[in-house]
Amino acid sequence: MEKKNIDWANLGFGYHITDKRYVSNYKNGAWDEGTLTEDPTIQLNECAGILQYCQEIFEGLKAYTTEDGRVVTFRPDLNAERMIDSAKRLEMPAFPKERFLDAIDKVVTANAAWVPPYGSGATLYIRPYMFASSPVIGVKPAEEYQFRAFVTPVGPYFKGGAKPLTLCVSDFDRAAPHGTGHIKAGLNYAMSLHACVTAHANGFDENLYLDPATRTYVEETGGANFLFVDKDGKIIIPKSDSILPSITRRSLVVVAKDMLGMEVEERPVKLEELKDFAECGLCGTAAVISPVGKVVDHGRDICFASGMDEMGPVIQKLYDTLTGIQMGRIEGPEGWVRTIL
Ligand SMILES: *Cc1c(COP(=O)(O)O)cnc(C)c1O
């Protein structure tokens, strides 16, 4: 199969239209069999539930070309399960796990020419999502839904090395206690946009959100979970019911404990403790781990020992191990890599 003629190494993180996408519709209480289509557009009733009351959930994962030339996805079963959890919270029908895995296999296979080659640093980003498609005007769940999955090639996240980020402690909140912070829903992002634009306008890369109830504990950023390393080399993971359970972060915990023999502690983490940590990273599918050099809390700089020039050694080791597993260079735990082609 011939690859598309693309300058893979210089792709950004953006939407590129690819050949096929997967679509399945839910009607009269059941999902149809699903199909691949070339049409990237969606025609909706003006009163569709997604347009009126934002009933939408999504996932994000990647396909990689391994060193030995296979095309694989990384733990897609966890994306399937998380999407089912998200669906339940928004009163949407679950898209069954086996159907989800099959949809991902099909959409990646249909767009095989778009999977970046091994060594290019680029990957194929996969976006599964589901939304309310039938009309709703009185506030209630819709009756009909559409599940879709498209793919888009994305470039290497760290072009020319990973520059540590500067975060600001946000005055806005991301997720209320007992709210929707733990599910992957577009609504959590819509309300974060103003905070995000404000942070960028003030020269910061990202927001650090605190727990809204006490504003003393660290939650996460707009789209990535925290991982800290203390001065003894122990991994510290913030714990809260309103943090989105990142698959990257959960995988890094297993890598640290079971493969690298490190100590890991998951517990509530106070903003006040950050000054004592050696390293800080942001975990998510897009970057795996982005190093954080500094957090600014209303004019007060909280600097990590790893500094503003490069990734700290522990985060580098975690990054190398997890990306090694994804690219087939390192044997990971059983079942983490799903071979599609
Ligand atoms: C998707 C997401 C993450 C990262 O999760 P991964 O499964 O690692 O990609 C972290 N925080 C939020 C709010 C997210 O939506």
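Rules of the game
- Residues numbered from 1 in each chain as written.
- Predicted model: local features only at pLDDT ≥ 70, side-chain atom pairs only at ≥ 80, totals over all residues.
- Heavy atoms only, no water.
- Near = heavy atom within 4 Å.
- Polar contact = N/O pair within 3.5 Å; in protein donor to acceptor, adjacent residues only side chain to side chain.
- Areas by Shrake-Rupley, 256 points an atom, 1.4 Å probe, with all protein chains shown as cover.
- 1 Å grid on protein atoms, 1.4 Å probe; cavity = no way out; pocket = protein on both sides within 12 Å on 5 of 7 lines; lining within 4 Å.
- Points joined across faces, edges and corners; volume = space filled by probe spheres on them.
- Helix = DSSP H or I, 4+ residues; strand = E, 2+ residues; numbered from the N terminus.
- Domains from an automatic or database assignment.
- Nonpolar A, V, L, I, M, F, W, Y, C, P; charged D, E, K, R; others polar.

(A) Seen up close, the site of the ligand. The ligand sits among 15 residues. The nearest are Lys 184, Tyr 189, Ser 246, Thr 248 and Thr 285. Within the backbone of Ala 224, an N or O atom sits 3.4 Å from a nitrogen atom of the ligand. Between the ligand and Ile 247 there is a distance of 2.9 Å, counted from an oxygen atom to a backbone nitrogen or oxygen. Taken by itself the ligand offers 390 Å² of open surface, and the protein chains cover 96% of this.

(B) Examining the layout of surface pockets more closely. In this model, the largest pocket occupies a volume close to 1200 Å³. When residues of the lining of the largest pocket are traced back to their parent elements, those giving at least two are β4 (56–58), β7 (123–132), β8 (145–154), α4 (186–190), α5 (193–201), β10 (206–208), α6 (247–259) and β14 (277–284). When residues of the lining of the largest pocket are assigned to domains, at least three map to each of domain 1 (8–154) and domain 2 (165–326). Reported here for the second largest pocket is a volume of approximately 450 Å³. If you trace the second largest pocket, you find 27 residues lining it, with Gly 121, Pro 156, Tyr 319, Thr 323 and Met 327 closest to the centre. Looking at the lining of the second largest pocket, the elements with two or more residues in it are β5 (61–65) and α7 (313–326). Looking at which element gives the most residues to the lining of the second largest pocket, the answer is α7, with four residues. Classifying every residue of the lining of the second largest pocket gives 15 nonpolar, nine polar and three charged.

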